[in-house]
Amino acid sequence: MSDPRLTTLPVAVVGFGWMGRVHTQAYSRVRHHYPALRPLPVLATVADEVPGRAAEAAEQFAFGSSTESWRDVVADPSIGAVSVTSPNFLHREMGVAVAEAGKHLWIEKPVGLSADDARAVAIAAEKAGVQTAVGFNYRNAPAVEQARGIIASGELGDVTHARFRFFSDYAAHPDGALSWRFERERGGSGVLGDLASHGADLIWYLLGDIASLVADTAVFIPQRAKPTGVTSGHMRASGGEQGPVENEDFVSAQLRMATGARCVLEASRVAVGDQNSYGFEIHGTKGSVSWDFRRMGELQLGLRAAGEDQPLYQDQPQSTLFVGPGAGEYGVFQPGSASAMGYDDLKVVEAARFLQSIAENSSVGATVRDAVRSASVLDAMTESVESGRWVTL
């Protein structure tokens with residue numbers, strides 16, 4: 001009789017751009033950080049339609065096999081779970097097919113081009129009885145999890161207002177190639193799906209439901225050069241035929257929370273001078289908490305001092321808290337406070353929670369249902385821009 005503690009799970013990765021590599025590395029590392037976790041992922045196969053890319057990945061990361069067709073992965077009865085890290089326009093078809101084949105699904109956000117796409121994947125997964133995970137990795141940061149506990153404990157009092165920002169410069173160069181990311185049909189809603197989706201998830205994770213919103217968007221680089229070959233990442237292209245940028249470079253939204261709090265969400269992919277400037281500032285009637293992804297292990301806290309019965313309110317000082325082993329999954333990676341964690345560590349946490357969901361047959365961490373909620377917020381933003389009005393969620 002086999003030992004159930006030694007159960008393994010053959011996994012496949014579909015799409016081997018940067019994010020496919022990140023998922024692969026997370027599967028490889030999860031056993032080192034979570035040695036007791038079962039099932040253990042085994043890199044079974046990798047799929048990518050770009051000739052030679054999957055074969056190279058298989059050789060580098062020791063996948064058992066490779067293929068240029070994702071349908072081969074879906075048809076393989078030995079595969080137990082699939083990571084879908086392909087472009088947005090393929091998420092619905094691939095996600096539904098993976099779920100209907102009875103395979104557990106780890107898929108990147110925004111899970112398609114709309115809430116309808118994400119909902120179709122969620123329904124397919126629920127009907128098939130498979131577990132899902134979705135790539136809202138910033139909620140996995142130990143400091144974010146500690147901030148959530150601080151808010152829930154009432155230490156801030158009642159949350160009054162907050163600001164969430166997701167600023168990046170990956171598309172700021174005017175010579176950035178006109179890849180699928182800038183097309184409405186294949187990339188969807190531009191920076192809304194790419195970065196604001198994370199913001200919508202974090203707002204819910206920390207503050208709860210959004211009641212209504214009004215939004216504004218802009219395209220600041222309206223033309224880009226069409227690439228002459230396969231694009232990877234954020235490649236440059238200049239001198240070629242120009243084409244229109246069809247989706248948003250920037251979004252700003254004002255949100256009314258179900259609690260009565262007010263919130264601002266901004267996201268930009270053309271923020272010159274800002275690299276991965278992601279974070280939040282949350283204010284309450286008694287204090288404040290803020291977080292910057294670039295200083296991932298720190299929180300800025302404006303709370304009453306130990307031993308004080310009441311906050312100072314005016315002139316209340318802020319202090320820096322370096323999170324440690326008591327915060328989220330920090331202790332799995334570092335033994336003491338103030339040792340740095342990185343982006344890839346958050347994906348290891350995501351992989352572990354996905355595998356735990358499979359083992360327990362119960363959702364742990366972000367799921368495709370969270371992607372449906374986030375995408376509904378993005379759809380509401382688009383509706384608000386088109387109508388010029390507040391939209392109720």
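Above this text sits the structure in question.
Summarised in this report is the structure supplied together with it. (Residues numbered from 1 in each chain as written. Predicted model: local features only at pLDDT ≥ 70, side-chain atom pairs only at ≥ 80, totals over all residues. Heavy atoms only, no water.)

This part is about the overall build of the protein. Within the protein one finds 11 helices and 17 strands. Relative to the compact-globule value of 21 Å for 393 residues, the protein shows a C-alpha radius of gyration of 21 Å, a close match. A principal-axis box enclosing the C-alpha atoms of the protein has dimensions of 65 × 60 × 35 Å. In the protein, which comprises 393 residues, the proportion classed as buried is 54%. Considering only contacts within the protein whose residues lie at least 6 apart along the sequence, 72% involve residues at least 24 apart. Carbon together with sulfur atoms contributes 49% to the accessible area of the protein, which is approximately 17,100 Å² in total. Positive and negative side-chain charges in the protein, numbering 34 and 46 respectively, have mean positions lying 2 Å apart. (Helix = DSSP H or I, 4+ residues; strand = E, 2+ residues; numbered from the N terminus. Rg over C-alpha atoms; globule rule 2.2 N^0.38 Å. Buried < 20%, exposed > 50% of the residue type's maximum accessible area, 1.4 Å probe, protein only. Contact = heavy atoms within 4.5 Å. Areas by Shrake-Rupley, 256 points an atom, 1.4 Å probe, with all protein chains shown as cover. Lys, Arg positive; Asp, Glu negative; His and termini not counted. Charge placed at Lys NZ, Arg CZ, Asp CG, Glu CD.)

Counting across every chain of the model gives 16 aromatic pairs. With 5.3 Å between their ring centres and 90° between their planes, Tyr-27 and Trp-106 make a pair best called edge-to-face. With Tyr-27 in helix α1 (residues 18-33) and Trp-106 in strand β5 (residues 104-107), this pair connects stretches of sequence that are 79 residues apart. Residues Phe-293 and Tyr-343 carry aromatic rings whose centres are separated by 6.5 Å and whose planes lie at 85° to one another, so their mutual orientation is edge-to-face. (Phe/Tyr/Trp six-rings, centres within 6.5 Å; stacked < 30°, edge-to-face > 60°.)

Next up on the list: the sheet that holds strand β14 (residues 288-292). Spatial ordering of the open sheet is given by β16-β15-β14-β13-β7-β12-β11-β8-β17, a layout of 9 strands whose pairing is mixed. The sheet is open, and its two edges are formed by β16 (319-322) and β17 (391-392), each paired on a single side. Here strand β7 (residues 159-167) runs beside strand β13 (residues 277-284); their pairing, made up of 8 bridges, is antiparallel. Bridge pairing links Arg-165 to Gly-279 in β13. The sheet contacts of helix α11 (residues 368-387) involve β8 (210-218), β11 (250-257), β12 (262-268) and β17, and relative to β8 the element is tilted by about 60°. (Pairing = 2+ DSSP bridges. Axes fitted to C-alpha atoms, helices over the stretch in contact; angles between N-to-C directions.)

Right, let's talk about empty space enclosed by the protein for a bit. The final tally for this structure, using the stated rule, is 1 cavity of 30 Å³ or more. Estimates place the volume of the largest cavity at around 50 Å³. Broken down by secondary-structure element, the contributors of at least two residues to the lining of the largest cavity are β6 (132-134) and α10 (343-360). When residues in the lining of the largest cavity are grouped by element, the largest group, 3 residues, is from α10. (1 Å grid on protein atoms, 1.4 Å probe; cavity = no way out; pocket = protein on both sides within 12 Å on 5 of 7 lines; lining within 4 Å. Points joined across faces, edges and corners; volume = space filled by probe spheres on them.)

Turning next to the pairing of β8. Inspection of the sheet shows β8 paired to β11 by 8 bridges, in the antiparallel sense. From the neighbouring strand, Asp-216 faces β11, where its bridge partner is Ser-252. Pairing analysis gives 2 bridges linking β8 to β17, with the strands arranged antiparallel. Residue pairing in the sheet places Leu-213 in a bridge with Val-391 of β17.

Turning our eyes to something else, we now look at α10. If you check α10, its first and last C-alpha atoms are 26 Å apart, about what 18 residues at 1.5 Å a residue would give, namely 26 Å. Counting buried residues along α10, 14 of its 18 residues qualify, which places the element largely inside the surrounding structure. (Expected span 1.5 Å × (residues − 1).)

Another point: helix α4 (residues 91-100). Of all the 10 residues making up α4, 7 are buried; the element is thus mostly covered by neighbouring parts of the structure. Residues of α4 that are buried: His-91, Met-94, Gly-95, Val-96, Ala-97, Val-98 and Ala-99. Turning to α4, the residues buried within the fold contact β1 (8-14), α3 (70-75), β4 (81-84), β5 and α5 (115-128). One or two residues past the end of α4 sits Gly-102, with phi positive at roughly 80°.

Here the focus is the pattern of salt bridges. Taken as a whole and judged by the stated rule, the model has 25 salt bridges. Across the pair Arg-353 and Glu-329 runs a salt bridge whose closest N-O atoms are separated by 3.8 Å. One end of the pair, Arg-353, is in helix α10; the other, Glu-329, is in the loop between β16 and α9 (330-333), and 24 residues separate them in sequence. Given a relative accessible area of 13%, Arg-353 falls into the buried group. (Salt bridge = Lys/Arg side-chain N within 4 Å of Asp/Glu carboxyl O.)

The next subject is the pairing of β14. Of all 5 residues in β14, 5 are buried, a share of seventy percent or more. In the sheet, β13 pairs with β14 via 5 bridges, with the strands oriented antiparallel. From the neighbouring strand, Glu-281 faces β14, where its bridge partner is Ser-290. The sheet contact formed by β14 and strand β15 (residues 298-302) spans 3 bridges and is antiparallel. Looking at the pairing, Ser-290 lines up with Gln-300 of β15. Between β14 and β15, which pair antiparallel and follow one another directly, the connecting turn spans 5 residues.

Another point: the nonpolar core. Within the largest apolar cluster, 83 residues are counted, with the highest numbers of intra-cluster contacts made by Phe-164, Ile-282, Trp-291 and Met-381. Per element, the largest residue contribution to this core is 10 residues, and it comes from helix α8 (residues 191-207). Among all residues touching Trp-291, those that are not within four sequence positions of it are Tyr-138, Ala-141, Ala-143, Val-144, Arg-165, Tyr-278, Gly-279, Phe-280, Met-296, Glu-298 and Leu-299. One finds Met-94, Ala-120, Val-121 and Ala-366 within the second-largest nonpolar core, a separate group that totals 32 residues. (Core = buried A, V, L, I, M, F, W, Y, C linked by side-chain atoms within 4.5 Å.)

Okay, the sheet that holds β4 next. As a general point, the strands of a sheet are linked pairwise by backbone hydrogen bonds and lie either parallel or antiparallel. With parallel pairing, 6 strands are arranged side by side in an open sheet as β3-β2-β1-β4-β5-β6. Both outer strands of the open sheet, β3 (65-67) and β6, are each paired with one neighbouring strand and no more. Put simply, the sheet's adjacent strands are angled 25° from each other on average, direction ignored. Looking at chain direction, β4 and β5 are connected through 4 bridges and run parallel. Across the sheet, Ala-81 pairs through a bridge with His-104, a residue of β5.

Within the secondary structure layout, Gln-25 lies in helix α1. In this structure Gln-25 comes out as partly exposed when scored by relative accessible area, which is 27%. Each C-alpha atom of the pair Gln-25 and Ala-211 lies 38 Å from the other, and the pair is 186 residues apart in sequence. Excluding residues within four positions of it along the chain, Gln-25 makes contact with Phe-61 and Asp-344.

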